[in-house]
Amino acid sequence: MKIGFLGISEFGLNFFKHIIEKYDVVFATGKSKEAKHTRSISELFSKLCLENNVNYLGNVNVNEKKFINLSKTVDLIVLGGYDKILKKEIIDAPRIGIINTHLGLIPQNRGCNPVMWSLLRGESQGYTTYFVNEKIDDGKILDMQVVDCEDMNAFFTYKKISKICSKNIMKTLSMIEEGYLGIEPRGLHVYHKQGMPNDGCVSWAWTNKFLMRFSKSLDFSPYLPMHTILDDKKYFLRIKKIGKKTFKENISDGTILERNNNIISVKTKDGYAVCELD
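In this text the structure is predicted, and so the values were computed from the model without any measurement.

Trainee: Give a detailed account of the environment of R95, specifying residues and quantitative values.
Mentor: Tracing the backbone through its elements, the reader meets R95 in the loop between helix 4 (88–91) and strand 5 (97–102). For R95, a relative accessible area of 61% gives the class exposed. With 73 residues separating them along the chain, R95 and N168 place their C-alpha atoms 22 Å apart. Setting aside residues no more than four positions away along its own chain, R95 makes contact with V74 and D75.

Trainee: Before we move on, could you go through helix 6 (residues 154–177) and cite the residues and values that matter?
Mentor: Its 24 residues give helix 6 an end-to-end C-alpha distance of 34 Å, which sits within 8% of 34 Å, the value for a rise of 1.5 Å per residue. Bending of helix 6 peaks at approximately 35 degrees at the position of N168. Turning to helix 6, its buried residues number three or more, namely A154, T157, Y158, I161, S162, C165, S166, I169, M170, T172, L173 and I176. The N-capping residue of helix 6, defined by a side-chain oxygen 3.2 Å from the backbone nitrogen of F155, is N153. Looking one or two places after helix 6, you find G179, whose phi comes out positive at around 105 degrees.

Trainee: Describe the layout of surface pockets, listing the residues and the values that go with them.
Mentor: Here the second largest pocket defines a volume of roughly 320 Å³. Along the walls of the second largest pocket sit 16 residues, with L119, C149, E150, D151 and R213 positioned nearest its centre. Contributions of two or more residues to the lining of the second largest pocket are made by helix 5 (114–121), strand 8 (141–147) and helix 7 (208–217). Broken down by element, the lining of the second largest pocket gets its largest block of residues, four residues, from helix 7. In terms of residue class, the lining of the second largest pocket is built from six nonpolar, three polar and seven charged.

Trainee: Go over the pairing of strand 2 (residues 24–28), please, and point to the residues and values.
Mentor: In terms of strand pairing, strand 1 (residues 2–6) meets strand 2 through four bridges, oriented parallel. Along strand 2, the bridge assignment pairs I3 with V25. Taking the sense of rotation as the criterion, the β-α-β connection linking strand 1, helix 1 (residues 10–19) and strand 2 turns out right-handed. For strand 2 and strand 3 (residues 55–56), the ladder comprises two bridges, and the chain directions are parallel. Its bridge partner being in strand 3, F27 is matched across the sheet by N55.

Trainee: Explain the packing of helix 5 against helix 7 to me, and be specific about the residues and the numbers.
Mentor: Where helix 5 contacts helix 7, the two axes come as close as 8 Å, and the packing angle between them is 170 degrees. Considered as vectors, helix 5 and helix 7 are oriented roughly antiparallel to each other. Here M116, L119, L120 and R121 of helix 5 lie close against helix 7, whose contacting residues are F210, R213, F214, K216 and S217. In terms of residue class, the contact of helix 5 with helix 7 is made up of five nonpolar, one polar and three charged.

Trainee: I'd like a description of the sheet that holds strand 14 (residues 271–277), backed by residues and values.
Mentor: Overall, antiparallel pairing links the five strands, which are arranged 10-11-14-13-12 in an open sheet. Bordering the open sheet on either side are strand 10 (227–230) and strand 12 (256–260), each of which pairs with just one other strand. Shown here is a sheet whose adjacent strand axes are inclined to one another by a mean of 40 degrees, direction ignored. As defined by bridge partners, strand 11 (residues 233–244) adjoins strand 14 across seven bridges and the pair is classed as antiparallel. The residue of strand 14 that forms the bridge with K241 is V274. Of the strands in this sheet, strand 11 and strand 14 are in contact with helix 7, which crosses strand 11 at around 130 degrees.

Parameters and conventions
Residues numbered from 1 in each chain as written. Predicted model: local features only at pLDDT ≥ 70, side-chain atom pairs only at ≥ 80, totals over all residues. Heavy atoms only, no water. Helix = DSSP H or I, 4+ residues; strand = E, 2+ residues; numbered from the N terminus. Buried < 20%, exposed > 50% of the residue type's maximum accessible area, 1.4 Å probe, protein only. Contact = heavy atoms within 4.5 Å. Expected span 1.5 Å × (residues − 1). Bend = angle between axes of the 7 residues up to and from the residue. Polar contact = N/O pair within 3.5 Å; in protein donor to acceptor, adjacent residues only side chain to side chain. 1 Å grid on protein atoms, 1.4 Å probe; cavity = no way out; pocket = protein on both sides within 12 Å on 5 of 7 lines; lining within 4 Å. Points joined across faces, edges and corners; volume = space filled by probe spheres on them. Nonpolar A, V, L, I, M, F, W, Y, C, P; charged D, E, K, R; others polar. Pairing = 2+ DSSP bridges. Right-handed = clockwise from strand over helix to strand, strands pointing away. Axes fitted to C-alpha atoms, helices over the stretch in contact; angles between N-to-C directions. Parallel < 35°, antiparallel > 145°, perpendicular 65-115°, else oblique.

And the structure:
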């Protein structure tokens, strides 16, 4: 089976390493445009392509006619972190189709930042590999797995899911070779647009349980964590511990109770939160 590979990300690089061991990868691309956060991965990716005689095309717009024609020469295209919406012509170009792996369970968690939204809502984490169609994260499902990520923040949740789905991509490709076409998504469709919940700003009037979920959902290094305004100053911080406590005094939610270097204790609706300043 001849394969094309589009885009690059951390888990996409791991996909690629597995795929080139068995399949004939005709070409590979970067993203549509250079992205600073994937520059180091892109360098590793291009080197890997060179070592394995894969035609690396760099950053391309895959919806252009010349690339569509190239895509007609392969059986399947695998998305590894491409960042542009694919139009019908490119979707229909490979003999079998195009597959993508989304780090969320679809259709309940479609769109942007699926790990973040699952954490925030206290929902199951996992991934879905599916055939791409003209809708976003809504094609026939080839593989779906729930991954136990209890007590992890967004960064470590992403790492764990990425590792598992990278190992399982070869099984999915074998199923496709055998003629498996997947099943339609079932259940409530929820799509998340780009952006942070509440613009990344924490409210100390939320319950302690939700505060912890909010903090973990936005804890994804090297990006800044959640922020707050305390004593007319903006802070970026992570919640390390929460606790219940009844105060005799009438203390407003969001009041700093104690500070020790970069550790502060903040009054919350249910008691207090011990936070680490970024």
